[in-house]
Amino acid sequence: MNDSIAQLSDVGAEFYGRGWMFATGGNLSASDGTTGVMTASGGHKGRLGADDFLTWQLGSPLPSAPRQSAEAAVHVAL
């Protein structure tokens, strides 16, 4: 999932630069069908790093750290 984290970091920076996402607003996520990754709550979308993401196995509970966003369940369901 390191590739997904790198790609989502790039997407976050691009979206932030275009004004499509505010600094800490919104979330990004990706899944390969087995593992999921999403931005944690409060991460600045213009400068995301590996510590700004939650990674989990699909079908398992989300980790409690870093902090989940309020929309985490929506990302998991999708």
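Everything here concerns the structure above.
Before going into details, it helps to say that this report is about the structure given with it.

Here is what the cut-offs are and how they apply
Residues numbered from 1 in each chain as written. Predicted model: local features only at pLDDT ≥ 70, side-chain atom pairs only at ≥ 80, totals over all residues. Heavy atoms only, no water. Helix = DSSP H or I, 4+ residues; strand = E, 2+ residues; numbered from the N terminus. Buried < 20%, exposed > 50% of the residue type's maximum accessible area, 1.4 Å probe, protein only. Contact = heavy atoms within 4.5 Å.

## A few points about the environment of G12
Here is step 1 of the chain: Positionally, G12 belongs in helix α1 (residues 2–17).
Here is step 2 of the chain: What makes G12 buried here is its relative accessible area of 0%.
Here is step 3 of the chain: For the pair G12 and H44, spaced 32 residues apart in sequence, the C-alpha to C-alpha distance is 8.5 Å.
Here is step 4 of the chain: Setting aside residues no more than four positions away along its own chain, G12 makes contact with L28, K45, G46 and L48.

## Here's the deal with the side chain of S4
Here is step 1 of the chain: If you trace the backbone, S4 turns up in helix α1.
Here is step 2 of the chain: In contact with S4, other than residues within four places in its own chain, are A30 and V37.

## Digging into the environment of E14
Here is step 1 of the chain: In this structure, E14 sits in helix α1.
Here is step 2 of the chain: Judged by relative accessible area, E14 falls into the partly exposed class, the value being 38%.
Here is step 3 of the chain: Sequence separation between E14 and S29 is 15 residues, and the spatial gap between their C-alpha atoms is 15 Å.

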